[in-house]
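Understanding the architecture of this molecule
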Amino acid sequence: MYNGHRKHDKYFREGEPRVNRAPIQTHLTPRLVPPIYWRASRLPLPTIMSSPPPAMTTTPDLNGFTDEATARTRLLEVSIAILRQGVGLVEDSLTADEQLTAQSTFIPGSTIGKHLRHARDHFVLLVEAISTSAPHVLNYDKRARNTPMESQRKAAADALNESIAQLQALVPTANMTEPITLHAVTPYPQVLETTFGRELWFAGLHAIHHWSMVRVIAGEMGIKMDDAFGFAPSTLVHMESKSLGKPKI
């Protein structure tokens, strides 16, 4: 039988009492390590867990909601509201078609019409991808340029309203977790796996990014716009919660 008293005497001063001298072994490695002697005044006795903590059994919320139907409804509402901001711009804020093609001084090469078309393209390409039979493939780089909506206010309003109608027909019955393979150039070719819900969220956020640049170009021309135009939904909600007077979309 192993007796470690003499071997471990050097760890104690002469005349000091020896306490907690009984050997302590973990339940994980019984009899594989020599007994360890603890001096209570210097080292606390270890706490040995008899079993691991229970695993998490709850399911995380989906986009802040506990069911997919509610999350899908809210995401559709935000997407439509963002596109309607573009409709409101061309119908209520712009007064001439030429304002769609006016070149920006602060953002060289940019026009309001180009940003409207580019932002809408993402919704169009996503709808086309999810409307085909599986496997779904999405490529945001396949875009049409020099379309009528870039230079004509009525064409721009019609195109944006068409996208709104497509989303209203598709999203209510869509599967938010439907797999999609995304092809992208960054500038190197990339192939990524994603879902319909994630890309619909991205299309809205992407549009807001371009709406903010539209706001800059409109400001160069002295065009007055709605206070909420070009702000991300989360920013608008934050402003509302802080009572800053900015309307929610």
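Below is a summary of the structure that appears in this document. Worth saying up front: this structure is predicted, and the values here are computed from it rather than measured. (Residues numbered from 1 in each chain as written. Predicted model: local features only at pLDDT ≥ 70, side-chain atom pairs only at ≥ 80, totals over all residues. Heavy atoms only, no water.)

**Focus on the overall build of the protein chain**
- When helices and strands are counted, the protein chain shows six helices and three strands.
- Secondary structure elements of the protein chain occur, N-terminal to C-terminal, as α-α-α-β-α-β-β-α-α.
- Looking at the 249 residues of the protein chain, the share that counts as buried comes to 37%.
- In the protein chain, once contacts between residues fewer than 6 apart in sequence are set aside, the share between residues at least 24 apart is 59%.
- Carbon and sulfur atoms make up 57% of the accessible area of the protein chain, which amounts to about 15,400 Å² in all. (Helix = DSSP H or I, 4+ residues; strand = E, 2+ residues; numbered from the N terminus. Buried < 20%, exposed > 50% of the residue type's maximum accessible area, 1.4 Å probe, protein only. Contact = heavy atoms within 4.5 Å. Areas by Shrake-Rupley, 256 points an atom, 1.4 Å probe, with all protein chains shown as cover.)

**Let's talk about the packing of aromatic side chains**
- Under the counting rule described, the total for this entry stands at two aromatic pairs.
- Between Y140 and F202, the ring centres sit 5.7 Å apart and the planes meet at 50°, which makes this aromatic pair tilted. In this pair, Y140 is assigned in the loop between β1 (136–139) and α4 (153–170) and F202 in helix α5 (residues 196–220), connecting sequence segments 62 residues apart.
- Given the relative accessible area of 24%, F202 is considered partly exposed.
- With a centroid separation of 5.8 Å and an interplanar angle of 15°, the aromatic rings of W211 and F229 are classed as stacked. Of this pair, W211 sits in helix α5 while F229 sits in the loop between α5 and α6 (233–241), and the two are 18 residues apart along the sequence. A single burial state applies to W211 and to F229, both of which are buried. (Phe/Tyr/Trp six-rings, centres within 6.5 Å; stacked < 30°, edge-to-face > 60°.)

Nothing here speaks to function; it is geometry throughout.
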